[in-house]
Amino acid sequence: MSIFNQNFIKQFSSSLICKNNGIFYSDSFEKISYPNEYNDLCFEIEENSFWFRHRNDCIIEMIKNYHSTKNGPIFDVGGGNGFVAKGLLDAGIEVVLVEPGPTGALNAKKRGITHVICATTHTAKFKSGTIPAIGVFDVIEHIEDDIGFLNHLWDLLVPGGMLYLTVPAYQLLWSQEDVEGGHFRRYTLSNLKKKMRHSGFDISYSSYIFSYLPIPIFLLRTLLNKLNLVESCASDSIKQDHSSPKGIGSKILNLFHNWELLKIRARKRIPLGGSCMVAAKKSD
């Protein structure tokens, strides 16, 4: 680990310890609502998953509209195996990955992420008002006190700093996958933005993504769950759900994806979808 990297991290926290593997660790532990085995499972499927790849594309398009390299790095909080962080780096955006799971942190390092912190934002003891931008991508639904967490993120950001986030949409679509994934809730854009404004954020952009997913999720997950036809979400089933379709199905999916990316690039809202995405600014 270079002195440069250690000095870089010390701008934001003086309590993190760098180990020989180049990862920074906190000296305390905080329990999180996320299955231990999910990092390895996601690491297997991310590269070939239509869902992970399109979410990355949407996140990058949104961030490009509001982030400048002169603003400093984005802290990808709860960043798992570094799939989003790698996408941001490839797009020329500096990233610090913050992941409490040791397996996810190691996987992120394997992906070539330079700045990896194995901690939560609380155990990392980040200094208030020092972080230029934060990304929490499918993280807040895992936190019971989501408003308290949003307040905490607001405190960590510099004045005018940006928060970028995604969450699963619509409580109506609740299923066994949410239970096993450690979720506390799903969101609508309306209730999500209300909570963010309550925490002091000004909303810069909001939209749904995966506009084609609500009906399939309801029919193939929620409804089957309500009829007690699904007992658990086996890893093979999750892998199948994330596999990219072939032939005409692939072409139709690409049409939807390209349309959504054009809407995000133009800062226009998509009216419904399986996920919510928001860009918000810490009010000065």
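Residues numbered from 1 in each chain as written. Predicted model: local features only at pLDDT ≥ 70, side-chain atom pairs only at ≥ 80, totals over all residues. Heavy atoms only, no water.

Colleague: Describe the packing of helix 3 (residues 50-66) against helix 4 (residues 83-90), and please don't skip the residues or the numbers.
Modeller: Running from amino to carboxyl end, helix 3 crosses helix 4 at an angle of 50°, the nearest separation of the two axes being 10 Å. For the element pair helix 3 / helix 4, the angle class is oblique. When the axes of helix 3 and helix 4 are compared, the crossing they make is right-handed. From helix 3, F52, R53, R55, N56, I59, I60 and I63 reach across to helix 4, where they touch F83, V84, G87 and L88. (Axes fitted to C-alpha atoms, helices over the stretch in contact; angles between N-to-C directions. Helix = DSSP H or I, 4+ residues; strand = E, 2+ residues; numbered from the N terminus. Parallel < 35°, antiparallel > 145°, perpendicular 65-115°, else oblique. Left-handed = near helix turned anticlockwise from the far one by under 90°. Contact = heavy atoms within 4.5 Å.)

Colleague: Explain a nonpolar patch on the surface to me, and be specific about the residues and the numbers.
Modeller: Together, I215, L219, L220, L223, L227 and L229 line one region of the surface with nonpolar side chains, adding up to about 610 Å² of accessible area. Summarising the element assignment, I215 is placed in helix 9 (residues 214-226). You can call I215 exposed: its relative accessible area is 63%. (Patch = residues over 30% accessible without salt bridge, like charges linked within 9 Å, V, L, I, M, F, W, Y side chains within 5 Å. Areas by Shrake-Rupley, 256 points an atom, 1.4 Å probe, with all protein chains shown as cover. Salt bridge = Lys/Arg side-chain N within 4 Å of Asp/Glu carboxyl O. Buried < 20%, exposed > 50% of the residue type's maximum accessible area, 1.4 Å probe, protein only.)

Colleague: Break down helix 5 (residues 102-110) for me, citing the residues and quoting the values.
Modeller: Turning to helix 5, its buried residues are G104, A105, N107 and A108. All buried residues of helix 5 fall inside an arc of 165° around its axis, so they share one side. Buried residues belonging to helix 5 abut helix 2 (38-45), strand 4 (95-98) and strand 5 (115-118). Following helix 5 by one or two positions, G112 has its phi on the positive side, about 95°. (Arc of directions from axis to C-beta.)

Colleague: Got a sec to walk through the pattern of salt bridges? Specific residues and values, please.
Modeller: All chains considered together, the criterion is met by 10 salt bridges. E47 is the salt-bridge partner of R111, the closest N and O atoms lying 3.2 Å from each other. Of the two residues, R111 sits in the loop between helix 5 and strand 5 while E47 sits in the loop between helix 2 and helix 3, which places them 64 residues apart along the sequence. Note on R111: relative accessible area 12%, which makes it buried.

Colleague: Describe in detail the nonpolar core, supporting the description with residues and values.
Modeller: Counting 46 residues, the largest nonpolar core has I63, L88, Y164, I264 and M277 as its most contacted members. Contact partners of I63, with chain neighbours within four places excluded, come to I74, L88, I93, F137 and Y164. Core analysis: the next-biggest nonpolar cluster, separate from the first, contains 36 residues, I9, V96, F149 and Y187 among them. (Core = buried A, V, L, I, M, F, W, Y, C linked by side-chain atoms within 4.5 Å.)

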